[in-house]
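Descriptive structure summary
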Amino acid sequence: MELCDLSAEQIASLVHKREVSAREVLEATLNRVSLVDGRPGQLGIEETTPDDEKYVHAFISLTAERARVQADEVDRRLAGGEDPGPLAGVPFTVKDIFVVRGTPSTAGSRILANFVAPYTATPVERMEQAGGIMLGKVNLDEFTYGSSNESSAFIPTPRNPWNPAYVPGGSSGGSTAAVAAGEGALSLGTDTAGSIRQPAAFCGVVGMKPTYGRVSRYGLIAFGSSLDCPGPVARTVKDATLMLSVIAGRDPHDQTSVTVPVPDYASRLEAGVKGLRIGLSPDYFRITFVDPHTGELIERPIDPEVLAATRRAADVLASLGAEIIEDVPMPHTHYGIPAYFVISRVEAASNLHRYDGVKYGYRTPEYVTDLRDLYRKTRGQGFGLQPKLRILMGMYVSAAQYSEQYYVRALRVRSLIRRDFETIFDPSGAYRLDALLTPTTPTTAFTMQEVYGDSVLMQYADELTVPANHAGVPGISLPAGLDRKGLPIGIQFLGADYAEATLLQIGFAYEQATLGEDWRKRKPQVVERLAV
Amino acid sequence: MTEYEAVIGLETHIQLNTQSKIFCSCKADSWNDPPNTNICPVCTGLPGVLPVTNRVVVEKAALLAAAMHAEIQPVSFFDRKNYFYPDLPKGYQISQYDRPLARGGYLDVPLPDGTTRQVTIEKLHIEEDAGKTKNDNGRRLIDFNRCGVPLIEMVTGPDLRSADEAAQYLIRLRQLLRWLGVSEADMEKAHLRCDANVSIRMVGADYLNPKTEIKNVNSIVAVKEAVQTEIERQIREVEAGKRIEAWTLEWDEDAGVLRKMRSKETEADYRYFREPDLLPIHISEAWLAHILQELPELPLERRARFISQYGLPEYDADILTGERSLSDYFEAAVALYPSDPKRVSNWLLNDLMRMLNESGKLASELRLTPDYLVEIIRLVDAGTVNTTTGKSLLDKVEASGKRPGEIVNAEGLAQVSDTGAIRQAAQQIVSANPEQVQSYRKGKTTLIGWFVGQLMRETRGKADPQLARSILEELLSE
Ligand SMILES: [Zn+2]
């Protein structure tokens with residue numbers, strides 16, 4: 001096993017003991033990047049080559065020199081008897097939706113391609129202060145708008161390390177692909193409708209969306225401000241726990257970050273699941289969507305292999321002493337996507353107002369007649385299709401004459417979804433659940449271009465993840481097997497507000513109980529290939 | 001001829017005098033600072049930044065709301081007002097919309113004819129300011145210093161009936177803002193900005209006609225002139241059988257004319273929605289009580305009390321309550337000199353006000369404290385110094401910071417009432433000036449003033465002037 005394939009916990013331990021240096025870990029990781037990543041995503045590429053199709057393309061900007069300086073500093077501090085922190089020498093990547101001082105912070109968009117931030121996002125700063133080594137910024141859907149990573153302006157877009165013909169999921173697809181391929185043990189992602197959990201499921205890694213407000217959003221380029229959550233992407237539950245412990249907590253720069261104390265997540269990790277009540281809901285075993293032509297509601301069962309993996313996980317947990325509660329009703333689940341469609345777009349359209357070519361970022365090089373012309377050309381040329389669709393929809397549903405009908409109604413739906421969760425987690429209610437176990441996604445990864453372009457259908461990849469964003473509750477996606485195509489399957493645990501410790505505890509128990517399963521021995525194609 | 005009355009409402013923006021801006025820690029006041037020097041990622045709307053509410057803004061706004069008799073809401077919300085403009089770096093202004101900090105309220109404005117106009121408040125909310133744009137040889141320059149400066153938007157009902165009333169409202173509002181210490185309220189520095197909505201109607205009518213909005217008026221005099229000009233224009237138009245259109249007008253102060261601004265095509269849709277980056281403002285009872293501890297007796301209340309409690313004329317009471325620290329000074333002095341408040345008022349109005357005007361200080365900043373002032377008045381009362389010396393003591397105390405009594409002793413300023421000493425000085429003057437003595441004795445008795453002046457100079461002003469005059473008359477008539 002190479003250094004870059006070790007878990008964050010193992011790396012930090014070895015580095016602390018000075019059995020390996022942070023620099024050695026870094027160089028091994030950079031070497032892996034050079035072997036599996038191919039050329040980084042960039043502007044101005046229209047077509048990908050057949051050669052591109054073999055690589056992961058997680059990165060937009062690899063900041064190797066910056067990382068070397070950080071790694072040497074960690075080694076220097078250790079040599080001087082100092083403790084650089086719990087992430088000492090752990091290489092990590094950052095979704096390029098977070099600003100990091102002195103590095104390009106692009107949001108995957110032409111409009112911010114030349115933007116170099118003068119400050120650093122709080123979660124990134126916390127990871128660096130804990131001794132973590134930032135490798136660079138990884139690709140994403142443009143402004144996080146998507147579930148496949150194909151909408152980035154930076155091409156080639158990321159591919160699934162398990163099979164590069166498939167999408168890595170999105171929008172944190174660069175993060176999950178990088179972690180799966182050994183390009184950094186950890187990655188900082190964001191989850192607005194499932195954007196950590198869905199690609200984590202597609203790439204066979206652990207991804208967690210913490211409770212809204214648990215991790216500061218300061219320095220996260222906003223999409224749906226009331227839904228956005230930064231969170232960890234890791235290969236193991238323990239690593240996700242380690243990372244969450246570092247990034248969680250009150251930030252004076254983010255008024256919506258909570259003052260609730262951060263518990264010692266690690267201390268409960270090995271407590272097991274005996275006596276915990278874990279629910280299964282039939283409302284998470286199907287997807288319901290509107291036929292774009294007829295407007296009819298269409299119901300479809302989820303992929304049988306995904307459902308089977310979920311049921312198998314329930315059996316494993318039952319065998320460990322958990323109590324499985326069947327038929328838990330979550331009646332508003334299928335309203336999640338339509339409500340999200342409205343709320344996220346109203347917020348997104350407003351959040352995108354600031355990109356106007358006046359202060360920073362892209363400005364049209366063409367002659368402009370007046371201010372409106374500057375705005376029109378800059379935004380017309382700077383934004384890709386997905387931001388434009390969101391602006392149009394957001395402007396429409398928040399217009400004075402439609403707001404009541406769409407936006408206000410969506411907010412009411414949102415509180416109904418929240419009530420579904422309050423009901424099942426109520427400690428004195430009928431269900432008294434500690435967690436709800438669901439599939440993370442209705443299917444495993446789809447092939448590149450299979451769904452892209454159908455923005456309605458693309459949304460339903462998030463149907464099982466978006467309710468947690470509406471409700472603000474935490475969720476975690478764990479690898480739970482491979483389908484017959486050899487693609488990862490993800491299962492999800494959802495919990496009550498600030499129940500991250502419980503979710504990690506359940507996840508860890510499940511992970512440990514399945515360590516010996518055959519699928520766990522398999523490696524992503526791009527990594528497997530290196531051994532040959 | 002038909003009688004018209006004006007119907008005027010004022011929309012004011014009040015810049016709060018907090019140290020830092022409303023959502024970041026940049027310095028709020030950038031007067032005299034070069035452009036773009038008090039800015040940070042937050043107030044320039046860089047990608048990824050978040051606002052954090054400055055509690056002092058809420059406290060000052062609540063204090064103003066209480067002084068306007070408005071109902072302070074236990075929960076209020078911030079909303080985004082979306083529009084594009086280069087000096088609005090986020091592309092939306094954080095404001096309050098349907099759940100503002102306070103509801104209702106009024107200000108009683110005393111009018112020169114002795115009546116009072118109650119002006120209702122329709123809207124009072126917190127918002128952030130935008131930057132400044134200026135055109136420079138075809139280039140558009142933006143100064144973001146003002147971005148995020150805390151503002152209160154306060155809109156009156158259509159309750160004012162003349163240009164003069166509009167001016168009186170602003171005078172009273174400015175007085176109140178300074179009194180509360182929430183704003184410097186300097187219109188020239190745009191701490192207090194005013195747009196006026198003006199329409200006219202038949203006297204006695206209860207309907208509202210289409211109104212025009214006058215923007216860009218930056219002094220009270222300008223508001224008065226602009227509103228008066230617009231009232232006259234509307235009357236002319238109506239008399240000529242024309243209709244008043246809902247124009248937006250701009251006041252050109254130099255030319256003294258109103259210019260029509262580009263008409264808004266349609267009412268803009270700002271697509272207001274709740275600001276997701278900020279928590280609602282919760283004002284608990286305890287916090288409110290803490291804020292209201294700072295709520296002083298209001299100027300108009302104090303004015304009425306000065307009239308009833310101290311028997312001051314309305315004129316004196318009005319001036320003494322024009323500014324809070326002057327009125328505090330007066331009360332402190334009266335407490336030490338309760339026998340004659342009017343005498344204290346005279347000293348303040350005649351002499352102290354002059355000192356304040358000349359020095360630009362507030363009464364509270366003087367070294368001549370109420371205690372010292374009263375000591376001077378008592379020295380005059382006791383005849384220890386004459387009135388002239390008493391008045392000169394004011395400046396001496398202010399300059400040195402010493403007690404008046406100490407200065408009198410050190411400089412030997414005590415009045416000379418010793419007949420012998422005065423007589424001796426008078427005799428010297430009479431013998432030293434035979435020509436003047438002769439003229440006097442020939443009938444030019446007005447020269448007595450000259451002789452008294454000489455004597456006062458000789459005694460360095462200490463002689464009792466009455467006594468000096470009678471001794472001199474006696475010697476000269478011999
Ligand atoms: Zn600032």
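Residues numbered from 1 in each chain as written. Chains lettered and ligands numbered in written order. Predicted model: local features only at pLDDT ≥ 70, side-chain atom pairs only at ≥ 80, totals over all residues. Heavy atoms only, no water.

What to know about the pattern of salt bridges
Put simply, the test is: Criterion for a salt bridge: a side-chain nitrogen of Lys or Arg within 4 Å of a carboxyl oxygen of Asp or Glu. Under the scheme used here, helices are H or I runs from DSSP no shorter than 4 residues and strands are E runs no shorter than 2 residues, and both carry numbers assigned from the N terminus. For the exposure calls, accessible area comes from a 1.4 Å probe over protein chains only, and a residue counts as buried if that area is under 20% of its type's maximum, exposed if over 50%, partly exposed in between.
Summed over all chains, the structure comprises 60 salt bridges over all chains. We note a salt bridge from Arg80(B) to Asp277(B), for which the minimum N-O separation is 3.2 Å. With Arg80(B) in strand β4 (residues 79-82) and Asp277(B) in the loop between β16 (273-274) and β17 (281-282), this residue pair connects regions lying 197 residues apart in the sequence. Exposure class is identical for Arg80(B) and Asp277(B). Each is buried. What emerges from the salt-bridge pattern is a single network uniting Arg23(A), Glu27(A), Glu65(A), Arg68(A) and Asp72(A).

Structural notes on the sheet that holds strand β5 (residues 92-95) of chain B
Residue and element names in this part refer to chain B. Selection rule: The pairing criterion is simple: DSSP has to find at least two bridges between the two strands.
Strand order in this open sheet of 3 strands is β5-β4-β16, and the pairing throughout is antiparallel. One side of each edge strand has no neighbouring strand; the edge strands of this open sheet are β5 and β16. The pairing of β4 with β5 spans 4 bridges and is classified as antiparallel. By the bridge assignment, Lys-81 is partnered in β5 with Gln-93.

Quick notes on the domain arrangement of chain B
Residues and elements named next belong to chain B. We count it as follows: These domain limits were set by an automatic method or by a database of domain assignments. Whether two residues are in contact is decided by their heavy atoms, any of which lying within 4.5 Å being enough. A quick way to say it: buried area is the sum, across both parts, of accessible area lost when two parts are put together, with a 1.4 Å probe. Any pair of nitrogen or oxygen atoms within 3.5 Å is treated as a polar contact; in protein, a donor-acceptor pairing is required on top of that, and neighbouring residues in sequence qualify only through side-chain atoms on both sides.
What the domain assignment reports for chain B is domain 1 (4-291), domain 2 (299-402) and domain 3 (419-476). With 7 residues of domain 1 at the contact, the number on the domain 2 side is 10 residues. In total, about 760 Å² of surface goes out of reach between domain 1 and domain 2, with carbon and sulfur atoms giving 61% of it. Sorting the residues of domain 1 by area buried against domain 2 places Arg-172, Gln-175 and Trp-179 first, and these three jointly supply 74% of that buried surface. We note a salt bridge from Arg-172 to Asp-318, for which the minimum N-O separation is 3.2 Å. There are 3 residue pairs in polar contact (both at pLDDT 80 or more) connecting domain 1 and domain 2.

Considering the coordination of the zinc ion
All names here are of chain B. Heads up, the condition is: Distances up to 2.8 Å from the metal define which N, O and S atoms are donors, and 3.2 Å serves for Na, K and Ca; water is absent from the atom set, so sites may look incomplete. Think of it this way: with four donors and all angles in the 85 to 135 degree range, the site is tetrahedral; with four or six donors, opposite ones beyond 155 degrees and the rest between 65 and 115, it is square planar or octahedral; otherwise it is irregular.
The protein atoms that coordinate the zinc ion are Cys-24 (SG), Cys-26 (SG), Cys-40 (SG) and Cys-43 (SG), at distances of 2.3 to 2.4 Å. Seen from the zinc ion, its 4 donor atoms lie at angles of 102 to 113°, and the figure they make is tetrahedral. Written as a sequence motif, the donor residues of the zinc ion are C-x1-C-x13-C-x2-C. Of this pair, Cys-24 sits in the loop between β1 (4-15) and α1 (55-67) while Cys-40 sits in the loop between β1 and α1, and the two are 16 residues apart along the sequence. Taken individually, Cys-24 and Cys-40 each receive the classification buried, so the pair is uniform in this respect.

Considering the sheet that holds strand β13 (residues 488-494) of chain A
Residue and element names in this part refer to chain A. Stated precisely, the cut-off is as follows: Every axis in this analysis is a line fitted to C-alpha atoms, fitted for helices over the stretch in contact. Angles between the N-to-C directions lie between 0 and 180 degrees.
Read across the open sheet, the 11 strands follow the order β1-β3-β2-β4-β6-β5-β12-β13-β11-β7-β10; overall the sheet is mixed. The sheet is open, and its two edges are formed by β1 (59-62) and β10 (323-325), each paired on a single side. Taken pair by pair, the neighbouring strands of this sheet meet at an average axis angle of 30°, ignoring direction. When strand β12 (residues 475-482) meets β13, the two strands line up antiparallel, connected through 6 bridges. Bridge assignment links Gly-475 to a residue of β13, and that residue is Leu-494. Sitting on the sheet, helix α5 (residues 173-180) touches β2 (91-95), β3 (133-138), β4 (186-191) and β6 (229-234), and the angle it makes with β4 is about 155°.

Notes on the interface of chain B and chain A
As a measure of interface size, the accessible area lost when the parts come together is often cited. Taken together, the 32 residues of chain B in the interface contact 38 residues of chain A. The largest per-residue losses of area from chain B upon contact with chain A belong to Pro47(B), Phe84(B) and Arg271(B), which jointly make up 26% of the total buried on that side. With its nearest N and O atoms 3.0 Å apart, the salt bridge here joins Asp277(B) to Arg217(A). For the pair chain B and chain A, the interface holds 19 residue pairs in polar contact (both at pLDDT 80 or more).

Points about the nonpolar core
Condition: The nonpolar core is taken to be a set of buried Ala, Val, Leu, Ile, Met, Phe, Trp, Tyr and Cys residues, with the residues joined through side-chain atoms within 4.5 Å.
In this structure, Phe143(A), Leu186(A), Phe421(A) and Phe493(A) are the most contacted members of the largest nonpolar core, which totals 176 residues. Setting aside anything within four residues of it in sequence, one finds Phe493(A) in contact with Ile278(A), Leu317(A), Ala435(A), Leu436(A), Leu437(A), Pro474(A), Gly475(A), Ile476(A), Leu478(A), Leu503(A) and Ile506(A). Within the second largest apolar cluster, 69 residues are counted, among which are Leu16(B), Leu101(B), Val119(B) and Ile200(B).

Section: unusual backbone geometry
The residue after Ile155(A), namely Pro156(A), is reached through a cis peptide bond having omega 5°. If you trace the backbone, Pro156(A) turns up in the loop between β3 and α5. Even without glycine at this site, Asn32(B) takes up a positive phi of about 75°. One can find Asn32(B) in the loop between β1 and α1.

Describing the packing of aromatic side chains
Heads up, the condition is: Only Phe, Tyr and Trp rings take part, Trp by its six-membered ring, and two of them pair if their centres are within 6.5 Å. Stacked means planes under 30 degrees apart, edge-to-face means over 60, and tilted covers everything else. In our convention, an over-ring charge means Lys NZ or Arg CZ found within 6 Å of a ring centre and within 35 degrees of that ring's normal.
Under the criterion given, the structure shown has 26 aromatic pairs over all chains. Their ring planes at 75° and their centres at 6.0 Å tell us that Tyr407(A) and Phe273(B) sit as a pair that is edge-to-face. Here Phe273(B) lies in strand β16 and Tyr407(A) lies in helix α12 (residues 404-425), a pairing that spans two chains. Residues Trp450(B) and Phe451(B) carry aromatic rings whose centres are separated by 5.1 Å and whose planes lie at 80° to one another, so their mutual orientation is edge-to-face. For Trp450(B), a relative accessible area of 32% gives the class partly exposed. Taking the relative accessible area as the measure of exposure, Phe451(B) reaches 0% and is therefore buried. An aromatic cluster of at least three residues, connected via ring pairs, comprises Phe115(A), Phe143(A), Tyr145(A), Phe223(A), Tyr340(A), Tyr355(A), Tyr360(A) and Phe383(A). Across from the ring centre of Tyr55(A), 5.9 Å away, lies the NZ or CZ of Arg529(A), which sits over that ring.

Concerning the side chain of Asp251(A)
How we decide: Only four residue types enter the charge count: Lys and Arg as positive, Asp and Glu as negative, with His and the chain ends excluded.
Among the secondary structure elements, Asp251(A) is positioned in the loop between α7 (237-247) and β7 (277-280). It turns out Asp251(A) is buried and unbridged, and the closest side chain with the opposite charge, Arg126(A), is 4.8 Å from it.

Concerning helix α15 (residues 465-476) of chain B
Residue and element names in this part refer to chain B. Defined as follows: What a helix is expected to span follows from its residue count: subtract one and scale by 1.5 Å. To obtain the arc, one takes the directions from the helix axis to the C-beta atoms.
Over its 12 residues, α15 extends 16 Å from the first C-alpha to the last, a length consistent with the 16 Å expected when each residue adds 1.5 Å. When α15 is considered as a whole, its buried residues turn out to be Ala-468, Ile-471, Leu-472, Leu-475 and Leu-476. The buried residues of α15 occupy an angular sector of 130° when the element is viewed end-on, so they sit on one face. Of the surrounding secondary structure, the elements contacted by the buried residues of α15 are α12 (419-432), α13 (434-441) and α14 (448-458).

What to know about the packing of helix α2 (residues 22-36) of chain A against helix α3 (residues 64-79) of chain A
Residue and element names in this part refer to chain A. To be explicit about the condition: When an angle is under 35 degrees it counts as roughly parallel; over 145 it counts as roughly antiparallel; between 65 and 115 it counts as roughly perpendicular; any other value is oblique. Amino acid classes used here: Ala, Val, Leu, Ile, Met, Phe, Trp, Tyr, Cys and Pro are nonpolar; Asp, Glu, Lys and Arg are charged; the rest, including Gly, are polar.
Look at α2 against α3: their axes get within 8 Å of each other, and the N-to-C directions meet at 155°. Viewed along their axes, α2 and α3 adopt a mutual orientation that is roughly antiparallel. For the pair α2 and α3, contact is made by Ala-22, Arg-23, Leu-26, Glu-27 and Leu-30 and by Ala-64, Ala-67, Arg-68, Ala-71, Asp-72, Val-74 and Asp-75, respectively. Within the contact of α2 with α3, the residues separate by chemical class into 7 nonpolar, no polar and 5 charged.

Considering the pairing of strand β9 (residues 297-301) of chain A
Residues and elements named next belong to chain A. Across the 5 residues of β9, 0 count as buried, placing the element largely on the outside. As paired elements, strand β8 (residues 286-290) and β9 share 5 bridges and run antiparallel to each other. Bridge pairing links Arg-286 to Pro-301 in β9.

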